[in-house]
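# Fold and contact review
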Amino acid sequence: MQKGKGVILYSEFTPSNKWITKPDGMTSGEWKEAIKMTANVSAVRAIPGRSQDNHCRRCLSEIETLGHILGACPYGETLRIHRHHAIRTKLADALRKLKYTVYEEIHGTADNGSNRRIDIIAISESLSQGMIIDPTIRFETYKGQPEDVHEEKRANYVPTIPYYKDKYQLHDISVTGLMFGARGTIPNFCSQFCKTLGLHKSFLHELALLIIKESLPSKETLRGHSDSSFRGEGYIQCCVGVRLCNIYSNQELAEIHFMYGKVDGNAALARRLYQERYPQRQCPDRKTFVRLHYRLCEYGKFNSPGLGRGRPRSTTPEVQEEILEAVNMTPSISTRRVALQVIVPHTTVWRLLKEYQLYPYHLQRVQALSPADYPARVRFCQWFLQQCGVNPNFPALVLFTDEAQFTRDDITNFHNQHVWGRRTQTSWKTPYFMF
């Protein structure tokens with residue numbers, strides 16, 4: 001393994017390297033692992049002295065280098081897809097802010113009739129021009145790699161230009177392949193292209209930081225290659241009530257269901273085809289195919305709603321009636337006092353009252369005004385205006401003081417005073433005097 005492989009690309013756009021001295025948004029552990037990735041010295045088997053067998057402990061097909069883990073190992077395919085989608089979405093959102101009409105993951109047809117799928121097509125409505133942009137994340141190896149990736153993408157998507165011209169009624173469409181380094185490098189080819197679009201340097205810095213976080217060994221990319229986390233053949237995978245998402249990724253579950261539908265519901269044949277296509281994965285039991293299809297039909301998702309929620313709650317109708325009757329008789333009662341009366345946990349009382357849309361409304365102080373007070377206030381205002389007419393400086397002769405409250409009752413803690421109800425209640429306490 002060559003240490004420092006591909007680091008020459010770090011010098012092409014230096015603003016993306018700010019995280020080395022200013023690791024904003026990164027923990028100390030993430031920053032340390034990112035530095036190791038930069039120098040290509042992360043803890044993998046290819047490092048001399050770490051293991052007698054330097055082959056990947058997952059796929060066993062290639063030497064376990066950092067480039068293999070971040071870019072080729074089948075075990076990390078789902079993580080790489082997630083990383084790619086995160087970068088594609090961020091780039092598409094930035095183009096939308098520049099007033100482009102952007103479509104993502106669009107299927108098309110090449111000149112030879114084969115199907116192709118582009119990541120992004122950005123359309124300028126005023127110029128009737130479009131841009132096919134295909135961002136990809138590769139492990140950095142040599143200086144001319146970004147240009148080679150661009151030519152590779154052009155060869156793949158140029159044959160689809162007539163199809164998209166006709167679909168979106170455009171005069172011209174360009175194809176650009178953008179390579180971003182798996183260790184957060186932004187090649188000069190990408191920075192110049194983004195500059196022509198009007199994207200700020202800060203956007204590329206954010207993009208580089210996002211790529212690093214998605215590639216970090218401290219996330220699941222390298223953690224899954226540790227021997228301690230390996231799931232052996234004896235791993236229980238198809239017991240009744242197990243949450244499939246805890247065993248298989250969403251990508252794997254989708255592929256399991258795809259095989260089941262491909263053979264028209266033959267679970268045994270689907271299992272055999274799945275094992276032939278993905279020999280390095282743990283092969284699910286045939287009942288898993290049937291159970292997964294049933295859950296999708298019944299609940300619309302991979303897992304049934306009731307799984308993993310603990311023991312069912314048991315509150316009898318009699319207990320519910322006692323709780324509601326206690327609140328109805330004394331609307332200001334507390335949940336703990338109701339719990340003592342009915343002999344249930346006070347959390348049960350809270351849950352039941354919430355289910356019946358009852359809310360504890362707190363009391364609020366207001367002035368104790370009577371109908372006779374309103375004419376008196378009007379007379380006072382009229383007298384005040386008359387005095388101001390006689391003497392314009394009259395307000396300056398008046399001493400205005402803050403209101404003072406006096407009560408013959410004890411001090412009331414309004415924080416603990418509430419009234420249970422479905423809407424705001426109007427309640428009165430003993431009126432106090434205002435001077």
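Throughout what follows, the structure given in this document is the object of discussion. Counting from 1, residues in each chain are numbered in the order their sequence is written. Per-residue local features of the predicted model are confined to residues with pLDDT of at least 70, and side-chain atom pairs are confined, for both listing and counting, to 80 or more; whole-chain, interface and lining totals are unaffected and use all residues. With hydrogens and water set aside, each side-chain value is computed from the structure's full complement of heavy atoms.

This part covers a positive patch on the surface. For patches, a residue must show more than 30% relative accessible area and have no salt bridge; joins then use 9 Å for like charges and 5 Å for nonpolar side chains, namely Val, Leu, Ile, Met, Phe, Trp and Tyr. The protein chains shown are the only cover counted for residues, whose accessible areas, like all others here, come from Shrake-Rupley with a 1.4 Å probe. A side-chain nitrogen of Lys or Arg and a carboxyl oxygen of Asp or Glu constitute a salt bridge if their distance falls within 4 Å. When charges are counted, Lys and Arg are positive and Asp and Glu negative, with His and the chain ends excluded. Charge coordinates come from a single atom per side chain, which is NZ of Lys, CZ of Arg, CG of Asp or CD of Glu. On the surface, Lys 18, Lys 22, Lys 195 and Lys 201 cluster together to form a positively charged patch. Within the element layout of this structure, Lys 201 appears in helix α7 (residues 201-215). For each residue, the accessible area found with a 1.4 Å probe, counting protein chains only, is set against the maximum for its type, and the residue is called buried under 20%, exposed over 50%, and partly exposed in between. For Lys 201, a relative accessible area of 52% translates into the label exposed. Helix and strand assignments come from DSSP, with helices taken as H or I runs of at least 4 residues and strands as E runs of at least 2, each series counted from the N terminus.

Within helix α14 (residues 346-355) the residues assigned to the buried category are Thr 348, Val 349, Leu 352 and Leu 353. Angularly, the buried residues of α14 cover 130 degrees about the axis, an arc narrow enough to put them on a single face. Note on contacts: a residue pair is in contact if any heavy atoms of the two residues lie within 4.5 Å. Residues of α14 that are buried sit in contact with α12 (317-329), α13 (335-342) and β7 (418-421). One or two residues past the end of α14 sits Gln 357, with phi positive at roughly 60 degrees. Taking the helix axis as origin, the arc is that swept by the directions to the C-beta atoms.

Applying the stated rule across the entire model yields 12 salt bridges. Residues Lys 143 and Glu 12 are paired through a salt bridge, measuring 3.3 Å at the closest nitrogen-oxygen approach. With Lys 143 in the loop between β3 (129-138) and α4 (145-157) and Glu 12 in the segment before α1 (28-38), this residue pair connects regions lying 131 residues apart in the sequence. Given the relative accessible area of 48%, Lys 143 is considered partly exposed. The residue Arg 96 makes a salt bridge to Asp 93 at a minimum N-O spacing of 2.9 Å. Of this pair, Arg 96 and Asp 93 both sit in helix α3 (residues 77-97), three residues apart, which is roughly one turn of that helix. Residue classification places Arg 96 among the partly exposed positions, given a relative accessible area of 33%. Given a relative accessible area of 37%, Asp 93 falls into the partly exposed group. When salt bridges that share partners are traced, they join Arg 88, Asp 93, Arg 96, Glu 104, Glu 105 and Arg 117 into one network.

The quantities given are spatial measurements derived from coordinates; they are silent on function.
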